[in-house]
Amino acid sequence: QVQLVESGGGLVQAGGSLRLSCAASGSIFSINVMGWYRQAPGKQREWVAVISSGGSTNYADSVKGRFTISRDNATNTVYLQMNSLLPEDTAVYYCNVNAVGSISTGVLPYWGQGTQVTVSS
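Predicted, not measured: the structure shown is a model, and the values here were computed from it. (Residues numbered from 1 in each chain as written. Predicted model: local features only at pLDDT ≥ 70, side-chain atom pairs only at ≥ 80, totals over all residues. Heavy atoms only, no water.)

**Some words on the pairing of strand 7 (residues 67-72)**
It is a general feature of regular strands that their side chains alternate between the two faces of the sheet. Burial of strand 7 is one-sided: the residues Phe67, Ile69 and Arg71 facing one way are buried, the residues Thr68, Ser70 and Asp72 facing the other way are not. As defined by bridge partners, strand 7 adjoins strand 8 (residues 77-82) across six bridges and the pair is classed as antiparallel. When the bridges of strand 8 are listed, Ser70 appears paired with Tyr79. Between strand 7 and strand 8, which follow one another and run antiparallel, lie four residues, and Asn76 among them has a positive phi close to 55 degrees. (Buried < 20%, exposed > 50% of the residue type's maximum accessible area, 1.4 Å probe, protein only. Helix = DSSP H or I, 4+ residues; strand = E, 2+ residues; numbered from the N terminus. Pairing = 2+ DSSP bridges.)

**Observations regarding the pairing of strand 3 (residues 18-26)**
Across six bridges, strand 1 (residues 2-7) lies against strand 3 in antiparallel orientation. Looking at the pairing, Val5 lines up with Ala23 of strand 3.

**Describing the nonpolar core**
Of all hydrophobic cores here, the largest spans 31 residues; its most connected members are Trp36, Leu80, Met82 and Tyr93. Elements represented by at least two residues in this core include exactly strand 1, strand 3, strand 4 (30-39), strand 5 (46-51), strand 7, strand 8, strand 9 (91-100) and strand 11 (115-120). Considering each element in turn, this core owes the most residues, five residues, to strand 9. The residues contacting Leu80, other than those within four sequence positions of it, are Leu18, Arg19, Leu20, Trp36, Val48, Ala49, Phe67, Thr68, Ile69 and Tyr93. (Core = buried A, V, L, I, M, F, W, Y, C linked by side-chain atoms within 4.5 Å. Contact = heavy atoms within 4.5 Å.)

**With respect to unusual backbone geometry**
Here the phi dihedral of Asn76 falls at roughly 55 degrees; this positive angle occurs in a residue that is not glycine. Along the chain, the position of Asn76 falls in the loop between strand 7 and strand 8. For Ser84, which is not glycine, the phi dihedral falls at a positive 50 degrees. Along the chain, Ser84 turns up in the loop between strand 8 and strand 9. According to the relative accessible area criterion, Ser84 is partly exposed, its value standing at 39%.

**A short note on the pattern of salt bridges**
Summed over all chains, the structure comprises four salt bridges. Between Asp89 and Arg38 there is a salt bridge, with its nearest N and O atoms 3.0 Å apart. Of this pair, Asp89 sits in the loop between strand 8 and strand 9 while Arg38 sits in strand 4, and the two are 51 residues apart along the sequence. Residue Asp89 is classed as buried on the basis of its relative accessible area of 1%. Relative accessible area serves as the criterion here: at 5%, Arg38 is assigned to the buried category. The closest approach of N and O atoms between Arg66 and Asp89, which form a salt bridge, is 2.7 Å. (Salt bridge = Lys/Arg side-chain N within 4 Å of Asp/Glu carboxyl O.)

What follows is the structure, encoded as structure tokens:
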């Protein structure tokens, strides 16, 4: 019902910036919260940032002041602007969207395919 396509990952030097995008498509009746998670090699997936339908945001302590989450409701896209990147930011980043893709199923979580972010020293 709902498909998420991520883009924007890549290799960047420490101190650099990247902007991740996640576009939702398909049968979408509504979208509530949208967020980003990441998983580094050998570690558990961790929450990074979330944004509500009204635009309220929250961030993990590790990225506060450096990352900014935003959304464009007209295009059903969530972004993650990452500045002052550090080697410890290296991970696969996943977008997450809670959306209604079908009236019969109601609200369900949807995940992007993941995009690799690598930060070199």
